[in-house]
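Close look at the chain arrangement
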Amino acid sequence: NYFTANVAYHIFLDDNLYSHLAGGIGVTYARTSLDNSRLRFGDQYDYRDLLTYASTLENIAAYPKSLSFNAALMYTRHDGKKFLQTGAMVYKYDKPNVTYTPLNKASDFSYRAFANADISMSETDDGDEGNSILFNVNYLNSGKKNQLTVGGYMGLKIKKDYDALYKMYLGCMYKLNQSYSPTLAFILNKNTIGMSYDIYTNNVTSANIRMSAFE
């Protein structure tokens, strides 16, 4: 059983509605019911237990529960020449611990911060956005693990349409000490399609025959 509550709100910071600040927070409480009398694992250790039907000796809680939450704040500014966005968030995902042990490795705090910038390099005759350069950076910390991803792309307008966006992005994403990902993507009005190819720079896929992969 889950009980979840989320609330989000954003406010505009100027009269032209070019920039706004958004924030949100969510809480989830989970509770699981287990009937220990019907859990019989003894036969996995001793085949003779099939005859005795003894209940399990596993240390399993009858009503495991957990509490998870997340919170985030994001700032966005956009006009005809640029799009800027940055934000940060913290979340703690805690799944129900079904045993009585006090150790639950799934309950670590995680933190994320990111920034995106799409800056126009040229304008069309009517003042609309033309070609642009896109940058993005994303940092994730989860317990003792850190991951930093940076990317740069050239955006080329492929169709002139004042009411819709038709654009191609070509560039590369880099995960620090992990992989390069050349990327080709298309924005077709409200839809985005794309393809990337992961080229690993370490032994992440040392156990696999294929060292790289398409996405």
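**Considerations on the packing of aromatic side chains**
Inspection of every chain in the model, using the stated rule, returns two aromatic pairs. For the pair Phe-69 and Phe-109, a centre-to-centre distance of 5.9 Å together with 65 degrees between the ring planes defines the contact as edge-to-face. You can see Phe-69 sitting in strand E3 (residues 65-78) and its partner Phe-109 sitting in strand E5 (residues 109-120), a full 40 residues away along the chain. Taking NZ or CZ as reference, Lys-159 lies 4.6 Å from the ring centre of Tyr-166, over its face.

**Digging into the sheet that holds strand E6 (residues 132-142)**
One open sheet accounts for 11 strands, arranged E1-E2-E3-E4-E5-E6-E7-E8-E9-E10-E11; its pairing is antiparallel. Lying at the two open borders of the sheet, with one neighbouring strand each, are strand E1 (2-12) and strand E11 (212-214). Recorded for the sheet is a direction-independent mean angle of 10 degrees between the axes of neighbouring strands. Where strand E10 (residues 191-200) and E11 come together, three bridges link them in antiparallel fashion. Looking at the pairing, Ile-199 lines up with Ser-212 of E11.

**Here we look at the side chain of Gln-85**
One can find Gln-85 in strand E4 (residues 82-92). The class for Gln-85 is buried, based on a relative accessible area of 18%. Here Thr-76 takes part through its side chain, which lies 3.2 Å from a polar atom of the side chain of Gln-85.

**Examining the pairing of strand E8 (residues 166-175)**
Judged from the nine bridges that link them, strand E7 (residues 145-157) and E8 form a sheet pairing that is antiparallel. Residue pairing for E8: Tyr-153 is matched across the bridge by Gly-171. Bridge count for E8 against strand E9 (residues 179-188) is 10 bridges, and the pairing is antiparallel. Residue Met-168 lies in a different strand from E9, and its bridge partner there is Phe-186. Linking E8 to E9, which pair antiparallel, is a turn of three residues; within it Asn-177 sits at a positive phi near 60 degrees.

What counts and what doesn't
- Residues numbered from 1 in each chain as written.
- Predicted model: local features only at pLDDT ≥ 70, side-chain atom pairs only at ≥ 80, totals over all residues.
- Heavy atoms only, no water.
- Phe/Tyr/Trp six-rings, centres within 6.5 Å; stacked < 30°, edge-to-face > 60°.
- Helix = DSSP H or I, 4+ residues; strand = E, 2+ residues; numbered from the N terminus.
- Lys NZ or Arg CZ within 6 Å of the ring centre and 35° of its normal.
- Pairing = 2+ DSSP bridges.
- Axes fitted to C-alpha atoms, helices over the stretch in contact; angles between N-to-C directions.
- Buried < 20%, exposed > 50% of the residue type's maximum accessible area, 1.4 Å probe, protein only.
- Polar contact = N/O pair within 3.5 Å; in protein donor to acceptor, adjacent residues only side chain to side chain.

In short, shape yes, function no, at least from these values alone.
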